[in-house]
Amino acid sequence: MFERYLTALQYPRVGQLNIDDPKDFRCFMMWLEDQKIRFLPIDEREPLRKVNAPDEWNRAYEKYKKDIKVPEHLKSKQEQVTWLLLYAIRLEYTDNADQYRALTGARKLQQESQKTTVPEVQSANPFDSFDFTSADFEEGSWKLAERLGIAYHPDHLVSLRAAAKVISGAYNREALKERPIAGQPFPIEQGSGMGLEADEELEQCARIMRLLQIQNIRTLQTTINETIVAVQNVTADPRTDTKLGKVGMK
């Protein structure tokens, strides 16, 4: 229904959008605001990112429509989406007017015909065919993060990056060879504070950040020590090439 508009906006799932699917619609609106319209400041878009919380998202969407001044006489979802798409296209053209001003219909057809004559390179990387904005991919990213014990983040790509760090650090072959560390949790409440006792949560975060920084410094020191040892192994065992020696003087 909206293929031409979605193509103009370079939506990654042209032909697959189903606005009658509540979650698909919520993800699409989040993409439209994040990537094209950008009406709200970034920190105020968080309610629209909560696609897994329908009630909270619906309240945010109703407020969003009023803030962006969607005409009240547009009652159906199709009418509202059409208006928002045209609004996004107008913003896209305004931001890139010089680029689109010289683009005529005939020139566009010519460019399309040239594309069809150029051989396409098929990628062997399976990740190239992934739709990282789809509802299924987002849900899978959050489930993976939850399975690994990672705190929830409204941006599924941030959760995915955190999961990648945990997997690469704790589940690689070398790490799996090591025995699990057994012991008591670190007493983070003990020791000198950070001077933020008035805000308990902020003090807790500051203490965690200090521990992470200490861990990073220790890792860096270990890497430096390994480098020094490797250099010493090369320089501390010189070998003499007797072929280069000379006896006597000319």
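Just above, that's the structure.
Residues numbered from 1 in each chain as written. Predicted model: local features only at pLDDT ≥ 70, side-chain atom pairs only at ≥ 80, totals over all residues. Heavy atoms only, no water.

Enquirer: Could you give me a rundown of the overall build of the protein chain, with the residues and numbers involved?
Expert: In terms of helices and strands, the protein chain carries eleven helices and zero strands. When the helices and strands of the protein chain are placed in sequence order, the string is α-α-α-α-α-α-α-α-α-α-α. Counting the 250 residues in the protein chain, one finds 24% classified as buried. If you take every contact in the protein chain between residues at least 6 apart in sequence, the share linking residues at least 24 apart comes to 40%. (Helix = DSSP H or I, 4+ residues; strand = E, 2+ residues; numbered from the N terminus. Buried < 20%, exposed > 50% of the residue type's maximum accessible area, 1.4 Å probe, protein only. Contact = heavy atoms within 4.5 Å.)

Enquirer: Any chance you could break down the side chain of K23 for me, citing the residues and the numbers?
Expert: Mapped onto the elements, K23 comes out in helix 2 (residues 22–37). A distance of 2.9 Å separates polar atoms of two side chains, one belonging to K23 and the other to N52. If near-sequence neighbours (up to four positions away) are discounted, K23 is found in contact with V51, N52, A135 and E139. (Polar contact = N/O pair within 3.5 Å; in protein donor to acceptor, adjacent residues only side chain to side chain.)

Enquirer: Outline the packing of helix 8 (residues 135–147) against helix 9 (residues 156–170), supporting the account with residue identities and numerical values.
Expert: Running from amino to carboxyl end, helix 8 crosses helix 9 at an angle of 40°, the nearest separation of the two axes being 9 Å. One way to sum up the angle between helix 8 and helix 9 is to call them oblique. Once helix 8 is placed against helix 9, the crossing between them reads as left-handed. Only H156, L157, S159, L160 and A163 of helix 9 make contact with helix 8, whose side of the interface consists of F137, E138, S141, W142, L144 and A145. Here the residues of the contact of helix 8 with helix 9 are counted per class, giving seven nonpolar, three polar and one charged. (Axes fitted to C-alpha atoms, helices over the stretch in contact; angles between N-to-C directions. Parallel < 35°, antiparallel > 145°, perpendicular 65-115°, else oblique. Left-handed = near helix turned anticlockwise from the far one by under 90°. Nonpolar A, V, L, I, M, F, W, Y, C, P; charged D, E, K, R; others polar.)

Enquirer: Give me the lowdown on the pattern of salt bridges, citing residues and values where you can.
Expert: Applying the stated criterion across every chain, the model contains eleven salt bridges. Put simply, D24 and R13 hold a salt bridge, and the shortest N to O gap is 2.8 Å. Of the two residues, D24 is situated in helix 2 and R13 in the loop between helix 1 (3–8) and helix 2; the sequence distance between them amounts to eleven residues. Among the ionic pairs, K50 bridges to E56, the shortest N-O distance being 2.9 Å. Each of E33, D34, R45 and R49 takes part in salt bridges that share partners, so that together they form one network. (Salt bridge = Lys/Arg side-chain N within 4 Å of Asp/Glu carboxyl O.)

Enquirer: Describe helix 11 (residues 200–235), naming the residues involved and giving the relevant values.
Expert: An ideal rise of 1.5 Å per residue puts 52 Å on 36 residues; helix 11 measures up with 53 Å between its terminal C-alpha atoms. All buried positions along helix 11 are accounted for by E203, A206 and R207. (Expected span 1.5 Å × (residues − 1).)

Enquirer: I'd like a rundown of the nonpolar core, residues and numbers included.
Expert: In a soluble, globular protein the nonpolar side chains are often hidden away together inside. Counting 26 residues, the largest nonpolar core has F28, M29, L32, I37, Y64, L84 and L85 as its most contacted members. Secondary structure elements with two or more residues in this core: helix 2, helix 4 (54–68) and helix 5 (77–95). With six residues, the single largest contributor to this core is helix 2. Once residues lying within four places of it in the same chain are set aside, the contact partners of L85 are F2, Y5, L6, L9, F28 and L32. Judged by nonpolar contacts, the second largest core, of five residues, contains C27, M30, V51 and A135. (Core = buried A, V, L, I, M, F, W, Y, C linked by side-chain atoms within 4.5 Å.)

Enquirer: I'd love a proper account of helix 9, names of residues and values included.
Expert: Taking 1.5 Å of rise per residue, the 15 residues of helix 9 would be expected to cover 21 Å, and the 21 Å separating its terminal C-alpha atoms lies within 8% of that figure. Buried within helix 9 are the following residues: H156, S159 and A163. Buried residues in helix 9, looked at end-on, bunch into an arc of 55°, giving them a common side. Across from the buried face of helix 9, at angles greater than 90 degrees, the exposed residues are R161 and K165. Where the residues of helix 9 are buried, they touch helix 8. (Arc of directions from axis to C-beta.)

Enquirer: Provide a residue-level description of the side chain of Q80, including the pertinent values.
Expert: Relative to the elements of secondary structure, Q80 occurs in helix 5. Of the polar contacts made by the side chain of Q80, one reaches the side chain of K65; its length is 3.2 Å. Apart from the residues lying within four places of it in its own chain, the contact partners of Q80 are Y61, K65, V70, L74 and K75.

Enquirer: How would you sum up the packing of aromatic side chains? Please name residues and give values.
Expert: A complete count under the given rule lists eight aromatic pairs for this structure. With a centroid separation of 5.6 Å and an interplanar angle of 90°, the aromatic rings of F25 and Y61 are classed as edge-to-face. Taken together, the residues F25 in helix 2 and Y61 in helix 4 connect sequence positions 36 residues apart. On the accessibility criterion, Y61 (6% relative accessible area) is buried. In this structure an aromatic cluster arises from ring pairing among Y11, F28 and W31. The positively charged end of K77 is found above the aromatic ring belonging to F25, 4.5 Å away from the centroid. (Phe/Tyr/Trp six-rings, centres within 6.5 Å; stacked < 30°, edge-to-face > 60°. Lys NZ or Arg CZ within 6 Å of the ring centre and 35° of its normal.)

From the geometry alone we can't say anything about function, so treat these as descriptive.
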